[in-house]
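Tertiary structure, described
What follows is each chain in one-letter form.
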Amino acid sequence: MKALVTGGAGYIGSTICSALEDAGHTPVVIDSLVTGRREFTHGRIFYEADIADAGALQQIFRDHPDIQATIHCAALIVVPESTTMPYEYYRDNVACSLELFKTLKNLGHGRVVFSSSASIYDVVDGFMVTEAAPLKPTSPYARTKYMMEMILRDFCAAYGMQGIALRYFNPIGADPKMRSGIHVKHPTHVVGKLVDTALEKQPYFEITGVDWPTRDGSGIRDYIHVWDLARAHVHAVTGFDAAFERAGQPQDGYLIINLGTGKGVTVFELVQAFERVWGRDIEKRLAPPRPGDIAGSYANADRARDLLGWQAELSIDEGIASALRWGEERHKILKFD
Ligand SMILES: NC(=O)c1ccc[n+]([C@@H]2O[C@H](COP(=O)([O-])OP(=O)(O)OC[C@H]3O[C@@H](n4cnc5c(N)ncnc54)[C@H](O)[C@@H]3O)[C@@H](O)[C@H]2O)c1
């Protein structure tokens with residue numbers, strides 16, 4: 001089958017493209033390259049365009065009328081940046097997505113798998129969240145994801161579209177075949193920072209926040225291997241109708257599904273795992289939480305298993321090992337290092 005992947009030149013979108021290809025499917029990529037990498041599109045059907053460009057989308061569906069679903073990954077994604085550049089975040093993530101959904105509706109290609117985020121959840125007792133857990137997006141970035149979920153749900157209810165919002169927890173690692181991984185020069189995510197510390201690109205790793213009400217005081221997250229995450233999208237597009245059937249055909253044509261491992265890991269535990277895989281200790285310091293930080297959450301992943309027939313398979317050690325390998329090898333693919 002063919003699937004349109006918006007943001008397919010990014011970290012997750014390009015890994016989804018690889019997972020689709022490995023399963024015998026064909027991704028069609030649309031990406032403006034605002035943050036993504038041309039290198040990740042090599043050898044793929046690629047349209048360099050903004051998702052808000054209706055003409056480009058019309059061309060894509062004229063060229064590929066057999067596209068069966070759109071996986072919508074395109075977005076700006078840096079949480080701290082979103083607090084200083086809210087206009088850019090609301091424009092790119094909300095206004096452009098709104099136009100994308102309108103064009104998909106007009107073209108009669110209304111099946112959408114949307115990259116949402118666990119960052120919209122509130123903190124709950126015990127830290128495990130089901131899809132029905134309370135929401136409290138605390139940054140402009142998270143609020144864009146929350147808004148897009150609401151917009152997609154309303155579009156599905158009003159226009160007969162069908163949407164699956166996948167709430168990603170914390171993706172780590174790289175494609176096991178080293179076709180893609182984290183592409184930014186200075187990663188803002190925790191495993192990227194650990195890799196940079198190990199590779200001496202930064203002097204020490206800061207554990208930010210050690211007084212949270214977790215088992216060891218550090219923040220708790222659900223680190224999911226990006227390859228597992230990518231595979232879940234293959235399940236979502238190939239089992240799209242089956243997921244709705246299993247969910248009892250919700251009237252609004254809309255599903256929300258957590259994508260996580262179902263295991264909470266604290267930052268101290270993550271650092272221990274990293275040092276185990278790396279085989280050496282790394283330089284680390286304790287620091288106060290950053291503005292907007294929260295204790296965290298981990299997924300109840302039952303719905304993904306029940307509706308998509310998918311479960312995370314790769315361990316945190318495998319995620320860390322692939323991130324380290326990618327950190328050492330990415331200069332072979334990416335040209336800035
Ligand atoms: N990385 C994470 O930790 C994480 C966690 C939860 C959810 N997500 C979501 O997953 C998705 C992919 O994230 P990622 O980590 O791969 O980010 P990324 O920055 O690597 O990829 C995003 C891609 O979208 C493209 N893009 C952005 N705006 C566009 C537009 N208007 N038109 C066309 N292309 C555009 C960029 O050029 C880039 O290639 C995002 O929607 C993000 O919110 C990511």
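This one's a predicted model, so the numbers in the text were calculated from it and none came from an experiment.

Conventions we followed
Residues numbered from 1 in each chain as written. Predicted model: local features only at pLDDT ≥ 70, side-chain atom pairs only at ≥ 80, totals over all residues. Heavy atoms only, no water. 1 Å grid on protein atoms, 1.4 Å probe; cavity = no way out; pocket = protein on both sides within 12 Å on 5 of 7 lines; lining within 4 Å. Points joined across faces, edges and corners; volume = space filled by probe spheres on them. Helix = DSSP H or I, 4+ residues; strand = E, 2+ residues; numbered from the N terminus. Nonpolar A, V, L, I, M, F, W, Y, C, P; charged D, E, K, R; others polar. Contact = heavy atoms within 4.5 Å. Phe/Tyr/Trp six-rings, centres within 6.5 Å; stacked < 30°, edge-to-face > 60°. Buried < 20%, exposed > 50% of the residue type's maximum accessible area, 1.4 Å probe, protein only. Pairing = 2+ DSSP bridges. Axes fitted to C-alpha atoms, helices over the stretch in contact; angles between N-to-C directions. Core = buried A, V, L, I, M, F, W, Y, C linked by side-chain atoms within 4.5 Å. Arc of directions from axis to C-beta. Polar contact = N/O pair within 3.5 Å; in protein donor to acceptor, adjacent residues only side chain to side chain. Near = heavy atom within 4 Å. Areas by Shrake-Rupley, 256 points an atom, 1.4 Å probe, with all protein chains shown as cover.

Using a probe with the size of a water molecule, rolled over the atoms, empty space left in the structure can be pinpointed. Reported here for the second largest pocket is a volume of approximately 280 Å³. Looking at the second largest pocket, it is lined by 17 residues, and the ones nearest its centre are Gly260, Thr261, Lys263, Ala312 and Leu314. Those elements that provide at least two residues to the lining of the second largest pocket are strand S11 (223-225) and helix H10 (302-308). Considering every element that reaches the lining of the second largest pocket, the biggest residue donor is S11, with three residues. In the lining of the second largest pocket, the residues fall into eight nonpolar, five polar and four charged.

Examined against the element boundaries, Trp212 turns out to sit in the loop between strand S9 (205-208) and strand S10 (220-221). Trp212 sits 124 residues away from Glu88 along the chain, and the two C-alpha atoms are 32 Å apart. Residue contacts for Trp212: discarding those within four places in its chain leaves Gly217, Ser218, Gly219, Pro289, Asp293, Ile294 and Ala295.

Following the criterion strictly, the structure yields five aromatic pairs and no others. With 5.0 Å between their ring centres and 90° between their planes, Phe155 and Tyr159 make a pair best called edge-to-face. Note that Phe155 and Tyr159 are positioned in helix H5 (residues 140-159) at a spacing of four residues, about one turn of the helix. Among the residues examined, Phe155 registers a relative accessible area of 12% and is labelled buried. A ring pair is formed by Phe240 and Phe244, whose centres lie 5.3 Å apart and whose planes are at 35°; its orientation type is tilted. Taken together, the residues span about one helical turn, with Phe240 and Phe244 both in helix H8 (residues 240-246) at a distance of four residues.

Below, the discussion takes up the sheet that holds strand S3 (residues 45-48). Taken in spatial order, the seven strands of this open sheet run S3-S2-S1-S4-S5-S7-S12, and their pairing is parallel. Here the strands that pair on one side only, and so sit at the sheet edges, are S3 and strand S12 (254-259). Neighbour-to-neighbour, the strand axes of this sheet turn through a mean angle of 20°, independent of strand direction. Pairing between strand S1 (residues 2-6) and strand S4 (residues 67-72): five bridges, direction parallel. Of the residues in S4, the one forming a bridge with Leu4 is Thr70.

We now examine the nonpolar core. Grouped together as the largest cluster of nonpolar side chains are 36 residues, with contacts concentrated most on Ile71, Leu166 and Leu259. Where this core is concerned, the elements lending two or more residues are S1, helix H1 (11-22), S4, strand S7 (162-168), helix H7 (226-238), H8, S12 and H10. Counting residues per element, this core draws most heavily on H7, which supplies eight residues. Residues within four places of Leu259 in sequence aside, it is in contact with Leu166, Arg167, Tyr168, Phe169, Ile224, Leu229, Ala232, His233, Ala304, Leu308 and Trp310. With 28 residues, the next largest nonpolar core counts Val28, Phe114, Ala165 and Ile256 among its residues.

To continue, consider helix H2 (residues 54-63). When H2 is considered as a whole, its buried residues turn out to be Ala56, Leu57, Ile60 and Phe61. What you see down the axis of H2 is that its buried residues fit within an arc of 130°, all on one side. Summarising the contacts, the buried residues of H2 are in contact with S1, strand S2 (26-31), S3, S4 and helix H4 (86-107). One side-chain oxygen of the residue at the start of H2 lies 3.1 Å from the amide nitrogen of Gly55, identifying that residue as Asp53.

This paragraph deals with the site of the ligand. Around the ligand there are 29 residues in total, and Ile12, Asp31, Asp92, Tyr141 and His183 lie nearest to it. Within the contact set of the ligand, an oxygen atom lies 2.6 Å away from a side-chain nitrogen or oxygen of Tyr141. Expressed as a share of its isolated accessible area of 840 Å², the protein-covered part of the ligand is 96%. Broken down by secondary-structure element, the contributors of at least two residues to the shell around the ligand are H1, strand S5 (111-117) and H5. Looking at the shell around the ligand, the element that brings in the most residues is S5, giving three residues.

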